[in-house]
Amino acid sequence: MSIQIKSEIMPLKRVLLHRPGAELEQLVPNALERLLFDDIPYLRGAQKEHDAFAQTLRDNGVEVVYLSELTAQTLAQDERLKEQFVIDFINCSGCTAMSYREALTELLLSLPSETALVEKTMTGVRFDELPFHGRQSLASLRGDRMHFVLDPIPNLYFTRDPFASIGHGVSVHRMYSVTRNRETIFGDYILRYHPDYAGRVPFYYTPGEPFAIEGGDILNLSAGTIAVGISQRTMPEAVERLARNIFRDPNAEIRRVLAFDIPSQRAFMHLDTVLTQIDTDKFLVHPSILDQVRIYELTPGRQGVPEARALEQSVGQTLAEAVGVERVKLLRCGGGDSIAAQREQWNDGSNALCIRPGTVIAYDRNYVTNRLMEDEGVQVLRIPSGELSRGRGGPRCMSMPLVRAERL
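Here is a short report on the structure shown in this document. (Residues numbered from 1 in each chain as written. Predicted model: local features only at pLDDT ≥ 70, side-chain atom pairs only at ≥ 80, totals over all residues. Heavy atoms only, no water.)

### Considerations on the overall build of the chain
Put simply, the rule reads: For the purposes of this entry, the term helix denotes a DSSP run of H or I that reaches at least four residues, the term strand denotes a run of E that reaches at least two, and both are numbered from the N terminus. Computation of the radius of gyration draws on C-alpha atoms, with the globule rule given as 2.2 Å multiplied by the number of residues to the power 0.38. When a residue's accessible area, from a 1.4 Å probe over protein chains only, is under 20% of the maximum for its type it is buried; when over 50% it is exposed; and in between it is partly exposed. Contact between two residues is taken to exist if any of their heavy atoms lie within 4.5 Å; hydrogens are not considered. With residues, only the protein chains shown are counted as cover, and all accessible areas are computed by Shrake-Rupley using a 1.4 Å probe. For the purpose of counting charges, residues Lys and Arg are taken to be positive, whereas Asp and Glu are taken to be negative. His and the chain ends are not included. Charge positions come from single atoms, namely NZ of Lys, CZ of Arg, CG of Asp or CD of Glu.
Within the chain, the regular secondary structure consists of 12 helices and 19 strands. Taking 22 Å as the expected radius of gyration for a compact globule of 408 residues, we find that the chain reaches 21 Å, a close match to that expectation. Structurally, the chain occupies a C-alpha span of about 70 × 50 × 35 Å along its principal axes. Expressed as a percentage of its 408 residues, the buried residues of the chain come to 60%. Contacts spanning at least 24 positions in sequence make up 71% of the contacts within the chain whose residues lie at least 6 apart. Just so you have it, the chain exposes about 16,600 Å², and 47% of that area is on carbon and sulfur atoms. When the 46 positive and 53 negative side-chain charges of the chain are each reduced to one mean point, those points stand 1 Å apart.

Below, the structure written as structure tokens:
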């Protein structure tokens, strides 16, 4: 099965990662806000931490595949496909890149391998790297030859967001921020043209849709129910369109979409930064959302058009019903300490990755929340996080599950 994700907790079998690369070294202070970073991670430290994350997955029986490798394999199949990828990439990279289309195309297609091409699109291209063959331009005469005509993509190691696995299908996204929209193209090409996925995966959302949605807002609660956050980065119209497209697929098992309307704040960003499932009957939650979140239910109406209604029940009741248990435990990030809750929330204490029921991967720095999970019988596999956490995303954010077992 190419894609099989029907829960958040069943044994993880295959996962897509991106090892941080030279794109992180292109971050400079005056570009941080535009590129959605609060700080500049140290690349070698981030890579060492990410390698520990990948090894923890492998040690627990998970096959790890990498975004750059799958993209390169995809493009190596056909020279025309590689050329089309370059065209599409430049077209979605903004007006500056498009104004240097010919030079960028020449540079990218002259690289010695598909791997080099993929890595260069991720790292970015500066003006002084372009082949101009002696032609002068206003930009060259100004002497500022170090500015980027193709921005780096430093958020790529958060593979959760550009697309989401849903049942046997995928949702490929229009990202909230212009700077992240290019991230989608790698997953899109893999899912459409890589031999492991081509023709085998239904698409429930595409970047051609007009409304923003990101994968961190999508949780697979059961074979029949998903939760989607209405957040800083996912619009309610996108949730409705996603539900409509799923409901119109006769092979889709999902017949219920729960929309969690969470506060639109940078610290909360996505639903999975405030709510993740860690066992059959346990969830991590940021306590501040419990009194603020509103929940809506979308179910199929006529011709698959979603019918929406507001739910009056609590977060706990809604989740228990969705995962099929009598009640769930909501473990509060930071325990009962409001200061610890804020600190560990900022460092993604609620963003654990469940690799099988009752076993999660979590950042080591969130020791209060980790201890709380262990006190409740959850096995916590700690990974180092001094550099990775600077990007404002945790283990769930850094992983895109492709296959989970359907049962233990």
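Now that the structure has been shown, we can carry on.
### A closer look at the pattern of salt bridges
Condition: Any carboxyl oxygen of Asp or Glu that lies within 4 Å of a side-chain nitrogen of Lys or Arg is treated as forming a salt bridge with it.
One pass over the structure, following the stated rule, counts 28 salt bridges. For Asp128, the salt bridge identified is with Arg126, shortest N-O distance 3.9 Å. Looking at Asp128, the relative accessible area reads 34%, which means it is partly exposed. For Arg126, a relative accessible area of 27% translates into the label partly exposed. Notably, a salt bridge pairs Glu387 with Arg390, separated by 3.0 Å at the nearest N-O pair. Here Arg390 falls in the partly exposed class, since its relative accessible area comes to 27%. Look at the salt bridges and you will find they share partners, linking Asp161, Arg180, Glu183, Glu214 and Arg233 into a network.

### Some details on helix α5 (residues 101-109)
Each full turn of the α-helix corresponds to 3.6 residues, which orients residues three or four apart in the same direction. The cut-off we apply is this: In this description, one arc is meant: the one made by directions from the helix axis to the C-beta atoms.
For α5, the set of buried residues is Ala103, Leu104, Leu107 and Leu108. Taken around the axis of α5, the buried residues stretch over an arc of 125 degrees, which confines them to a single face. Of the surrounding secondary structure, the elements contacted by the buried residues of α5 are α3 (79-91), α4 (95-99), α6 (114-123), β3 (125-126) and β4 (148-150).

### Digging into unusual backbone geometry
Note: most residues except glycine have negative phi, and most peptide bonds are trans. Even without being a glycine, Arg392 presents a positive backbone phi close to 65 degrees. Turning to its location among the elements, Arg392 is positioned in the loop between β18 (379-383) and β19 (400-404).

### Let's talk about the sheet that holds strand β11 (residues 275-279)
Keep this limit in mind: Here, strands pair whenever DSSP counts at least two bridges between them. Helix axes are fitted only over the stretch in contact, all axes being lines through C-alpha atoms; the angle between N-to-C directions runs from 0 to 180 degrees.
In spatial order, the strands read β11-β12-β15; together these three strands make up an open sheet with mixed pairing. Among the strands making up the open sheet, the edge pair consists of β11 and β15 (329-332). Strand after strand, the sheet turns through a mean of 30 degrees between neighbouring axes, direction not considered. Pairing of strand β12 (residues 282-285) with β15, which is carried by four bridges, proceeds in the parallel orientation. Across the sheet, residue Leu284 finds its bridge partner in β15, namely Leu331. Here helix α10 (residues 315-323) sits on the sheet in contact with β11, β12 and β15, set at roughly 125 degrees to β15. Against the sheet, helix α12 (residues 367-375) engages β11, β12 and β15, with an angle of about 150 degrees to β15.

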